[in-house]
Amino acid sequence: MAGKRHRGWRTFLTNKYLTDKENFFVEYDPEYPVKYAIFITEEEWVAFVDQRRDENFKKVSATNRERASNPTYAYKKGRLGYARLEEKILDETKSDATSLPPHVLWKEARVGKDGTVRDDVQHIYDECETLSQSISTAEDQENRSVLSRALNVPEYPGRVRGKGHGCTPTSLYKNPRRRNPSNQEVMETLQALQAQVLQLQKDNERYRCMEKCSSQLKETSEKASINCQNKFPEGISSCQLYLSSPTYRLVGKGKVHNTSGDLLHHRPLPDGHLKVSVDVVLDKDALLPIPDIVSETTLLRDAIGSFVAWPLDLIFIDDETPTKPASKDNGILRHNESVASQKEVFAQGSQQLSQKIGSRQKNKRDLPVTSLPKKGAFVPRYQISLETLVDSSDMATAGAIRLLDMEEDIFGYSCTETIGKEDLEHIFRHQELGVGVIHTYIRFLYDNFMRGNDQLSNRFRFVSSSLVNKALICREPDSCREYLVKRFMASSTNNLYLWPYNLGCHWLLLAIDPLKEVVYFLNSIDGEWTNYPDMKQLVDTSIKVFRSQRQARVPRTKSSNITWIKVQCPLQRNGIDCGYFVMRFMREIINMNQIEIPITYFDEYKCAHYTRLQLEQIKEELCQYFIEKRLISI
């Protein structure tokens, strides 16, 4: 305020003593203002007159007068001022916020009495809205504000554009004064840097080890026969993946693709290698035998859901995979058969099954999918039936698959899910589940709970684990974000998006309400969402972009306040059940028909751990669904 008064005082002296009525500088030397001698000495007066008569000053003054007389974005609120305008807007909107973002206030100050907004003003406002989604508050106050960036004009230091006179960065952001770090903080920083250097040295050693291993494998592959792939069954087979360095060990499970002319990322496979899709990682620190140059992937855990090249001598077909001869209809996909043939095959299969499993069944009454079997009286009827049906069909042959069509309403796009023999074996043997089983159960929930029920189908939606998982977030974050935003934009009402998230060796569930900007975190191993920063950053960014695209106005103080809630859900007691827990979480959430999930979980299903019987119910529903869909033929 003092600076403003001082500038006005100097302008008054100039207009009274140095310029004429036409606002031109006088040629004669003005007399010393004796009445202001208490404020100005004669030496200061002479210096003031010389400074005002300087040609550079006159040029700058003329430029400023011309700019002030015709501003690019004219202020249209008269003498109301930014402060009173902001108070008026907050009172009219009955908002709980204490202030408005500068660009919002700047726009409102340039709206005329008729309420129309000029196109250039609206353009600046829209650009500010876009920039506010990508610039943090700290970056805003340290460099230039969002409004300054959009206007692309120079700023006076210590001022905030679009907030009126007297507003400074310190008063707006309330950021503490910077201070020099203490000796203890310097030592802690030094120790952290030393630890990073140590980690980099370890990573360097591992990369050298990897290069040595790759060179050894290359020498071995050059000597090997070109037809060595014949030891693997043709087609797709479940396999175990080993590494020989630094120790010989099992590091993961997946599927080997032994197909002639097969390419890896549009390139020929190296000699002595086959294309492998990674499903389960057992050693989270295992290195890939050949790093993926395209995606810059070096760790096995980052290759979940993608294809990599693996040495032939380190691939082993699962011992549980039978080698029975294929039946006559081998290779025919069920969805390509006619309805009549499906009914005929299923009728024949039911007749054979009744003879094979009659002695194994104790309870012949069908198990309702919505009831929990009583303890001590439960027999896995559908599991037994499906397992027997698989053993008698072409699915007993390695590489045989079935295709399950996924409608657009389920994941927002049409796709086909592949189910292999190993996926069914995982269910029968209660092993780790892959994405194919999880997606099949989602299709079961959609068909049995949501199809034809507008209330549920308009309230709950699903996110595809194939399009958004840990590996893809690291390699293609933009495509993952675009898919999530497009999924969120599918509805204008409150929806809860259920997203089974695959970490490579663990499944957890995210339930996202994008309109309320709430994320429910359900983890059956009692972990925190802060342990997965890539996942959290993707979700937060997607919600902010969704907010921007639907043109929602959020107070600046709440612009980054996306709520994450850790739900106290049942916990698993081993390293296998995570997939089964996620499926049951989804079933119970849909069954309760509530958008909001209590922090302590639903009272109807609250427990410390799921029993094996509760997980068997999920498996029974899956097996019953496989049979009813006639995916397996004899």
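So, here's what we can say about the structure. Since the structure is predicted, the reported quantities are computational estimates derived from the model, not experimental observations. The numbering scheme is per chain: residues are counted from 1 as the chain's sequence reads. Given that the model is predicted, a residue must reach a pLDDT of at least 70 before its local features are reported, and side-chain atom pairs must reach 80 or more before they are shown or counted; all residues, however, enter totals for whole chains, interfaces and linings. Just so you know, side-chain values use all the structure's heavy atoms and leave hydrogens and water out.

## Observations concerning the packing of aromatic side chains
Keep this limit in mind: The aromatic pairing rule takes the rings of Phe, Tyr and Trp, using the six-membered ring of Trp, and pairs them if the centres are within 6.5 Å, calling planes under 30 degrees apart stacked, those over 60 edge-to-face and the rest tilted. Each helix corresponds to a stretch of at least 4 residues labelled H or I by DSSP, and each strand to a stretch of at least 2 residues labelled E; elements are numbered beginning at the N terminus. Three labels apply to residues, based on accessible area from a 1.4 Å probe with only protein chains included: buried if under 20% of the type maximum, exposed if over 50%, partly exposed otherwise in between. Ring-over charges, as used throughout, are those where CZ of Arg or NZ of Lys falls within 6 Å of the ring centre and within 35 degrees of the ring normal.
In the structure shown here, the tally under the stated rule is 24 aromatic pairs. Taking 5.2 Å as the distance between ring centres and 35° as the angle between the ring planes, the aromatic pair formed by Y441 and F444 counts as tilted. Note that Y441 and F444 are positioned in helix α15 (residues 435-450) at a spacing of three residues, about one turn of the helix. The same class applies to Y441 and to F444, which are both buried. The interplanar angle of 35° and the centroid separation of 6.3 Å between the aromatic rings of F521 and Y532 together place this pair among those described as tilted. Residue F521 is located in strand β15 (residues 518-522), and its partner Y532 is located in the loop between β15 and α19 (533-549); the two are separated by 11 residues in the primary sequence. Through successive ring pairs, a cluster of aromatic residues spans F581, F585, Y601, F602 and Y610. It is R381 that lies over the ring of Y382; its NZ or CZ is 6.0 Å from the centre.

## Focus: unusual backbone geometry
The phi dihedral of H430 is positive, around 55°, even though this residue is not glycine. Looking at the element boundaries, H430 is found in the loop between α14 (421-428) and α15. Take H430: its relative accessible area is 8%, and that puts it in the buried class. Positive phi values are uncommon outside glycine, yet D526 reaches one of about 60°.

## Considering the sheet that holds strand β14 (residues 507-513)
Which entries qualify depends on this criterion: Pairing between strands is defined by DSSP: at least two bridges between them are needed. Throughout, an axis means a line fitted to C-alpha atoms (over the contacting stretch in the case of helices), and angles, computed between N-to-C directions, take values from 0 to 180 degrees. When checking whether two residues touch, look at their non-hydrogen atoms; a contact exists if any pair is within 4.5 Å.
Across the sheet, five strands lie side by side as β12-β13-β14-β15-β16; this open sheet has mixed pairing. Each having just a single partner strand, β12 (460-462) and β16 (563-566) make up the two edges of the open sheet. Direction aside, the axes of adjacent strands within the sheet are offset by 25° on average. Relative to β14, strand β13 (residues 496-502) is paired through six bridges, and the arrangement is antiparallel. Bridge pairing links L498 to A511 in β14. Here α19 sits on the sheet and contacts β13, β14, β15 and β16; the angle it forms with β14, its principal contact strand, is near 20°.

## Observations concerning the nonpolar core
Threshold: In these notes, a set of buried Ala, Val, Leu, Ile, Met, Phe, Trp, Tyr and Cys residues joined through side-chain atoms within 4.5 Å is what counts as a nonpolar core.
Among the nonpolar cores identified, the biggest contains 90 residues, and F462, W499, L510, L522, I597 and Y601 are the most heavily contacted of them. Per element, the largest residue contribution to this core is 10 residues, and it comes from helix α20 (residues 578-592). Setting aside residues no more than four positions away along its own chain, L522 makes contact with L508, L509, V567, C569, F585, I589, I597 and Y601. Residues V256, V276, V308 and W310 belong to the second largest nonpolar core, which totals 22 residues.

## Digging into the sheet that holds strand β8 (residues 307-311)
Reading across from one edge, β8-β5-β2-β1-β9 is the order of the five strands in this open sheet, with antiparallel pairing throughout. The two strands at the open ends of the sheet, each matched to only one other strand, are β8 and β9 (315-317). Sheet twist, expressed as the average angle between the axes of neighbouring strands with direction ignored, equals 50°. Across nine bridges, the pairing between strand β1 (residues 235-243) and strand β2 (residues 249-258) is antiparallel. By the bridge assignment for β2, L241 is matched with G252.

## A few points about the pairing of β8
Counting buried positions along β8 gives four out of five residues, so the element sits mostly inside the fold. In this structure, strand β5 (residues 273-281) lies alongside β8, joined through five bridges in antiparallel fashion. Along β8, the bridge assignment pairs L274 with W310.

## Let's talk about helix α12 (residues 381-391)
The buried fraction of α12 amounts to 10 of the 11 residues, a majority that puts the element mostly inside the structure. R381, Y382, Q383, I384, S385, L386, E387, T388, L389 and V390 are the residues of α12 that are buried.

## Regarding the packing of α14 against helix α21 (residues 612-628)
For any two helices packed against each other, the geometry comes down to the angle between their axes and how far apart the axes lie. Convention followed: Here a crossing is taken to be left-handed if its near helix is turned anticlockwise relative to the far helix by less than a right angle, and right-handed if that turn runs clockwise. Residues are grouped as follows: Ala, Val, Leu, Ile, Met, Phe, Trp, Tyr, Cys and Pro are nonpolar; Asp, Glu, Lys and Arg are charged; every other residue, Gly included, is polar.
Packing of α14 against α21 leaves a shortest axis separation of 10 Å and a crossing angle of 145°. Between α14 and α21 lies a crossing of left-handed hand. Here L424, I427 and F428 of α14 lie close against α21, whose contacting residues are K619, L622, C623 and F626. The class makeup of the residues in the contact of α14 with α21 is six nonpolar, no polar and one charged.

## Concerning the pattern of salt bridges
Short version of the rule: Just to be clear on terms, a salt bridge is a Lys or Arg side-chain nitrogen sitting within 4 Å of an Asp or Glu carboxyl oxygen.
By the definition in use, this model includes 25 salt bridges. Here K421 ties to E425 by a salt bridge, and the two come within 3.0 Å at their closest N and O atoms. Here K421 pairs with E425, and both are found in helix α14, just four residues apart, close to one helical turn. E425 shares its class with K421; the two are buried. We note a salt bridge from D447 to R443, for which the minimum N-O separation is 2.8 Å. Separated by four residues within a single helix, D447 and R443 lie in helix α15, roughly one turn from each other. Salt bridges sharing partners connect three or more residues here, namely E407, R443, D447, R451 and K629.

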